[in-house]
Amino acid sequence: MTARSGEPLTVVGLISGTSIDGIDVAAARLCAEDGELALTPIAETEIPYPDELRERLLGALPPNPCTAEELTRLDTLVGQSFAEAAATGVELAGGADLIASLGQTVFHWVEHGRARGTLQLGQPAWIAERTGLPVVADLRTRDVAAGGHGAPLASTLDQLWLRGLAEDSGKTAVGLNIGGIANITVVRADTGALAYDTGPGNALLDLAAAEVSGQRSDFGGRLAAAGRVHSGLLDRLLADPYYAAPPPKSTGKEHFHTDYLHTHIGDLSLSGEDLLATLTELTATTIAAECARHEAGTVVASGGGVENPALMRALAARLTAELRTSDELGLPRAAKEAYLTALLGWLTWHGQPANLPSATGAAGPRLLGSITPGAHPAALPPPLPAVITRLRIAPRGKTR
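Let us look at the structure shown here. (Residues numbered from 1 in each chain as written. Predicted model: local features only at pLDDT ≥ 70, side-chain atom pairs only at ≥ 80, totals over all residues. Heavy atoms only, no water.)

## Some points on unusual backbone geometry
And then number 1: Here the residue pair Ala151 and Pro152 is connected by a cis peptide bond, since its omega of -10° sits within 30 degrees of zero.
And then number 2: Here Pro152 is to be found in the loop between α4 (141–145) and α5 (154–169).
And then number 3: Look at the link from Pro247 to Pro248: it is a cis peptide, with omega at 5°.
And then number 4: Topologically, Pro248 is positioned in the loop between α8 (231–238) and α9 (258–265).
And then number 5: The backbone of Ile20 shows a phi angle near 55°, a positive value even though the residue is not glycine.
And then number 6: Along the chain, Ile20 turns up in the loop between β1 (9–16) and β2 (22–33). (Helix = DSSP H or I, 4+ residues; strand = E, 2+ residues; numbered from the N terminus.)

## Quick notes on the pairing of strand β5 (residues 114–121)
And then number 1: Bridge analysis of strand β4 (residues 98–111) against β5 gives seven bridges, and the strand direction is antiparallel. Each bridged residue has a counterpart across the sheet, and for Thr105 the counterpart in β5 is Gln120.
And then number 2: Counting the residues in the hairpin turn of β4 and β5 gives two residues, including His112, whose phi is positive at 55°. (Pairing = 2+ DSSP bridges.)

## So, the layout of surface pockets
And then number 1: One number sums up the size of the second largest pocket: a volume of about 390 Å³.
And then number 2: Along its surface, the second largest pocket is lined by 21 residues, and Leu58, Leu61, Leu207, Lys253 and Thr258 are the ones closest to its centre.
And then number 3: For the lining of the second largest pocket, the elements supplying multiple residues, two or more each, are α1 (51–60), α6 (203–213) and α9.
And then number 4: Broken down by element, the lining of the second largest pocket gets its largest block of residues, five residues, from α1.
And then number 5: Tallied by class, residues from the lining of the second largest pocket come to eight nonpolar, six polar and seven charged. (1 Å grid on protein atoms, 1.4 Å probe; cavity = no way out; pocket = protein on both sides within 12 Å on 5 of 7 lines; lining within 4 Å. Points joined across faces, edges and corners; volume = space filled by probe spheres on them. Nonpolar A, V, L, I, M, F, W, Y, C, P; charged D, E, K, R; others polar.)

## Considerations on the sheet that holds strand β10 (residues 296–302)
And then number 1: Taken together, five strands build an open sheet; the order of strands is β9-β8-β7-β10-β11 and the sheet is mixed. Two strands close off the open sheet at either side, each with one partner strand: β9 (194–200) and β11 (322–325). Recorded for the sheet is a direction-independent mean angle of 25° between the axes of neighbouring strands.
And then number 2: The pairing of strand β7 (residues 172–178) with strand β8 (residues 181–187) spans six bridges and is classified as antiparallel. From the neighbouring strand, Ile178 faces β8, where its bridge partner is Ala182.
And then number 3: Relative to the sheet, helix α10 (residues 272–293) contacts β7, β8, β9 and β10, its axis offset from that of β9 by approximately 160°. (Axes fitted to C-alpha atoms, helices over the stretch in contact; angles between N-to-C directions. Contact = heavy atoms within 4.5 Å.)

## Some remarks on the pattern of salt bridges
And then number 1: Taken as a whole and assessed by the stated rule, the structure comprises 15 salt bridges.
And then number 2: Here Glu44 ties to Arg396 by a salt bridge, and the two come within 3.1 Å at their closest N and O atoms. In this pair, Glu44 sits in strand β3 (residues 36–48) while Arg396 sits in the segment after β13 (390–393), placing the two residues 352 residues apart along the sequence.
And then number 3: Given a relative accessible area of 46%, Arg396 falls into the partly exposed group.
And then number 4: Here Glu290 ties to Arg293 by a salt bridge, and the two come within 2.8 Å at their closest N and O atoms. On the criterion of helical spacing, the pair formed by Glu290 and Arg293 is a turn pair, its members being three residues apart in helix α10.
And then number 5: Taking relative accessible area as the criterion, Arg293 reaches 54% and is therefore assigned exposed.
And then number 6: Connected via shared salt-bridge partners are Glu307, Asp327 and Arg333. (Salt bridge = Lys/Arg side-chain N within 4 Å of Asp/Glu carboxyl O. Buried < 20%, exposed > 50% of the residue type's maximum accessible area, 1.4 Å probe, protein only.)

Structure below.
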């Protein structure tokens, strides 16, 4: 039975990022009191996509053509994969009340600086059928319909979570996620948060690694560490107008794709190692520049890019701020966005706006997503007596 308002609610969050490696799963216990929400991590894991499904998903991304038939098949296959991942999360948690899914983004339509639409695959009906639990999904579209970018939704978690850090230090705190695309949330003690995509995180690195080594990524940053930055290529890449565009803004693999990379390389001659070193420098430089723009005092990093030592060294060398990982503050870096998804689902379930208009550019706060009932009628809890203004990460909990 679903927990009532004021009682702890166990939520399983699901997301697959733009790197399309697999499905991140996180189970959390959430409970609100007097405007503060406590999130207790219970368990997290990653469920890799089957190789064939991953290749088909990558093949559906721009600039490749894709048919309605293939999108329909992928929507079902991703939904079924998310359903199995959800069942794993429920098992790890020892039971759950709610599932939240951000699905698999395959296209983010941005035109003239404005988001026009966004498509995530993975029908929530498969999750509801597999688990018998209600599912909150389609969490980006309402923000886009309200004039926002539908991203980065990490701003919701970061603003609630890092405000205390900004207040205690008297300096700007920045939440950084390095996935396929890198994004930051700028949190100050006295003003609303600002968030946007800084540019490619691992997207171009992964494409180059696949061509150079046949691997999914530059594991451990070994290729980049053996190369040298090609200044000519770096200058070409940094000339992309995206970096100079003002926020709010968002981007994705529909912009940073294989043809984009080949176009910029052009007639330049460089080794695979130098290519990886240059793309690592691109990611570090563009992130560090945006953190410096906002006079960051502390940068709290998470996401798959944190596992790349070459990238983290390059980033640390260019930042003027203290660089920490979210693990140091209690939130596992590899699963932060899955815990974010759990948070978004909890907010929607309790009738709380889950977007941050100052970050996404939406016309105002909005309830996000749609709810798919589970095996029983969806019985929503009564409205909370106070708006959530802070998030506290509690010590890791035990399964119930």
